[in-house]
Amino acid sequence: MNTLPFRFGAEVYTWFMSNNGETYKGQLGHMIEVIAKAGFTGIQPIFTWMGPLADADLLEKKLKDENIDLAAVALALDWNGSQETEEEKKIADEAIKLLAKFPGSVLCTVQIPTGRHDLVQRRKNLVEIVNTVSSRAADQGVVSSFHPNSPHSSITRTEEDYQVILESLDPKVTGWCPDVGHIINGGMDPLAKMKEYRSLINHVHYKDWDGNPEFTLMGKGKVDFTGITQWLKDEQFNGWIICEDEGQEALEDPDFVTLHDGKWVHESLIPKLK
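My aim in this report is to walk through the structure given alongside it, one point at a time. Not measured: the values here are computed from a predicted model. (Residues numbered from 1 in each chain as written. Predicted model: local features only at pLDDT ≥ 70, side-chain atom pairs only at ≥ 80, totals over all residues. Heavy atoms only, no water.)

1. Observations concerning the environment of Tyr-24
Take Tyr-24: it is sitting in the loop between helix H1 (13-16) and helix H2 (28-37). As a C-alpha pair, Tyr-24 and Trp-49 span 25 residues in sequence and 9.7 Å in three-dimensional space. Those residues within four positions of Tyr-24 in sequence are excluded, and the remaining contacts are Trp-15, Ser-18, Met-31, Trp-49, Glu-252 and Pro-254. (Helix = DSSP H or I, 4+ residues; strand = E, 2+ residues; numbered from the N terminus. Contact = heavy atoms within 4.5 Å.)

Right, dumping it as structure tokens:
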């Protein structure tokens, strides 16, 4: 893995899936340990779900103990108004403050899906908010990357959504985090879409998809991970590839899923690269 331009990490959403975050609440330390055991070198926690390790000093110590880097932090908010609410701005600024203490870590912004009503105006509002948050992050030396998602209630789901939103991001402050599972779930070809907007990519998420109805354990679905990863290698993408497995197994045993994904990356994916 040392010869690759990018590094592999894991997202904590795999644990969050059970009971909307209640089952494993406050257990980020355990997640860091499992992610390290899986052979990953980075983690992406969810900012509002970090528990005691939202404290930068405690987080830094735990990461150092497990030899794991803070690859990114997911900032997931509603962002349903014409601008940030006071509470949303407060949370975003707290996330930026934390990330500023971990140089090289990415602010991964994502809108919590709440419906496709007033679609045209809400997409416009979302882009304006995301660019505003990214601009404040850039002022603190923090890199930002916007992450579309694909639930039926998401306004960042379809090819039209992607065109409108990605082409409205301010590339001076906001990059794009393609999530290959969400892209294919929205009816698009992940690699084709990544090639189309290559200049925006500064962070990447991997999850697998089989359409039954949606996501499956990494390596068991229809996403062409070998082709995508080879392209990223050829393009000399030097950021993070974060595994965010949403297979049904995660609801019962997220530790198993994360360990499986690490083994799959090292034993099945990387050996196929040229």
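2. As for the side chain of Asp-161
Along the chain, Asp-161 falls in helix H6 (residues 159-166). At 2.9 Å, the side chain of Asp-161 forms a polar contact with the backbone nitrogen of Arg-157. Among all residues touching Asp-161, those that are not within four sequence positions of it are Arg-116, Leu-119, Arg-123, Ser-154, Ile-155, Thr-156 and Leu-166. (Polar contact = N/O pair within 3.5 Å; in protein donor to acceptor, adjacent residues only side chain to side chain.)

3. A look at the packing of aromatic side chains
For the coordinates displayed, the defined rule picks out eight aromatic pairs. With 6.1 Å between their ring centres and 85° between their planes, Trp-176 and Tyr-197 make a pair best called edge-to-face. Within this pair, whereas Trp-176 is found in strand E7 (residues 174-176), its partner Tyr-197 is found in the loop between helix H8 (190-196) and strand E8 (204-206), the two being separated by 21 residues in sequence. Grouping aromatic residues by their ring pairs yields a cluster made of Phe-6, Phe-8, Tyr-206, Phe-225 and Trp-264. (Phe/Tyr/Trp six-rings, centres within 6.5 Å; stacked < 30°, edge-to-face > 60°.)

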